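Breakdown of the fold
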Amino acid sequence: MQKTLEVMGQVCPFPLVEAKSAIETIQSGDELIIQFDCTQATESLPRWAAEAGHKVTNFEQLGDAAWSITIQKK
């Protein structure tokens, strides 16, 4: 299953805070897709995922200042 978290327009650290909360609502092996436009989150989201033991399965730039990251819950 996939869940999408749309945090466009939110300033850091809110995309990370929202992601931490959202990942608790999905099952192990499910994916959380986070769409964001906060530059700092391009580093903080993958770092958090790795530290928490989750797997980044996709990370792409959607536009000049917009990204999508898919994190599979451990």
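This section reports on the structure supplied with the text. (Residues numbered from 1 in each chain as written. Predicted model: local features only at pLDDT ≥ 70, side-chain atom pairs only at ≥ 80, totals over all residues. Heavy atoms only, no water.)

1. Let's talk about the side chain of glutamate 31
We count it as follows: Secondary structure elements are taken from DSSP: a helix is a run of H or I of four residues or more, a strand is a run of E of two residues or more, and numbering for both begins at the N terminus. For the exposure calls, accessible area comes from a 1.4 Å probe over protein chains only, and a residue counts as buried if that area is under 20% of its type's maximum, exposed if over 50%, partly exposed in between. For the purpose of counting charges, residues Lys and Arg are taken to be positive, whereas Asp and Glu are taken to be negative. His and the chain ends are not included. A pairing counts as a salt bridge when a side-chain nitrogen of Lys or Arg comes within 4 Å of a carboxyl oxygen of Asp or Glu. Between N or O atoms, a polar contact is any pair within 3.5 Å; within protein, one atom must be a potential hydrogen donor and the other a potential acceptor, and residues adjacent in sequence are included only when both atoms are from side chains. Here a residue-residue contact requires only that any non-hydrogen atoms of the pair lie within 4.5 Å.
Relative to the helices and strands, glutamate 31 resides in strand β2 (residues 31–36). Although glutamate 31 is buried, it forms no salt bridge, and the closest oppositely charged side chain is lysine 55 at an N-O distance of 7.8 Å. Among the polar contacts made by the side chain of glutamate 31, one reaches the side chain of threonine 57 at a distance of 3.0 Å. For glutamate 31, the contacting residues outside a window of four places in its chain are Met1, Gln2, Lys3, Ile26, Thr57, Thr70, Ile71 and Gln72.

2. Regarding the packing of helix α1 (residues 14–23) against helix α2 (residues 41–52)
Heads up, the condition is: Axes here refer to lines fitted to C-alpha atoms; in helices the fit is confined to the stretch in contact. Angles between the N-to-C directions go from 0 to 180 degrees. Orientation is classified from the angle alone, with under 35 degrees giving roughly parallel, over 145 giving roughly antiparallel, 65 to 115 giving roughly perpendicular, and any other angle giving oblique. By convention, the crossing between two helices is left-handed when the near helix turns anticlockwise from the far helix through less than a right angle, and right-handed when the turn is clockwise.
Between α1 and α2, whose axes approach to 10 Å, the crossing angle comes to 30°. With respect to their mutual orientation, α1 and α2 come out roughly parallel. Handedness of the crossing formed by α1 with α2: right-handed. For the pair formed by α1 and α2, the contact residues are Pro15, Leu16, Ala19, Lys20 and Ile23 on the first element and Ala41, Ser44, Leu45 and Trp48 on the second.

These figures come from the coordinates and say nothing about function on their own.
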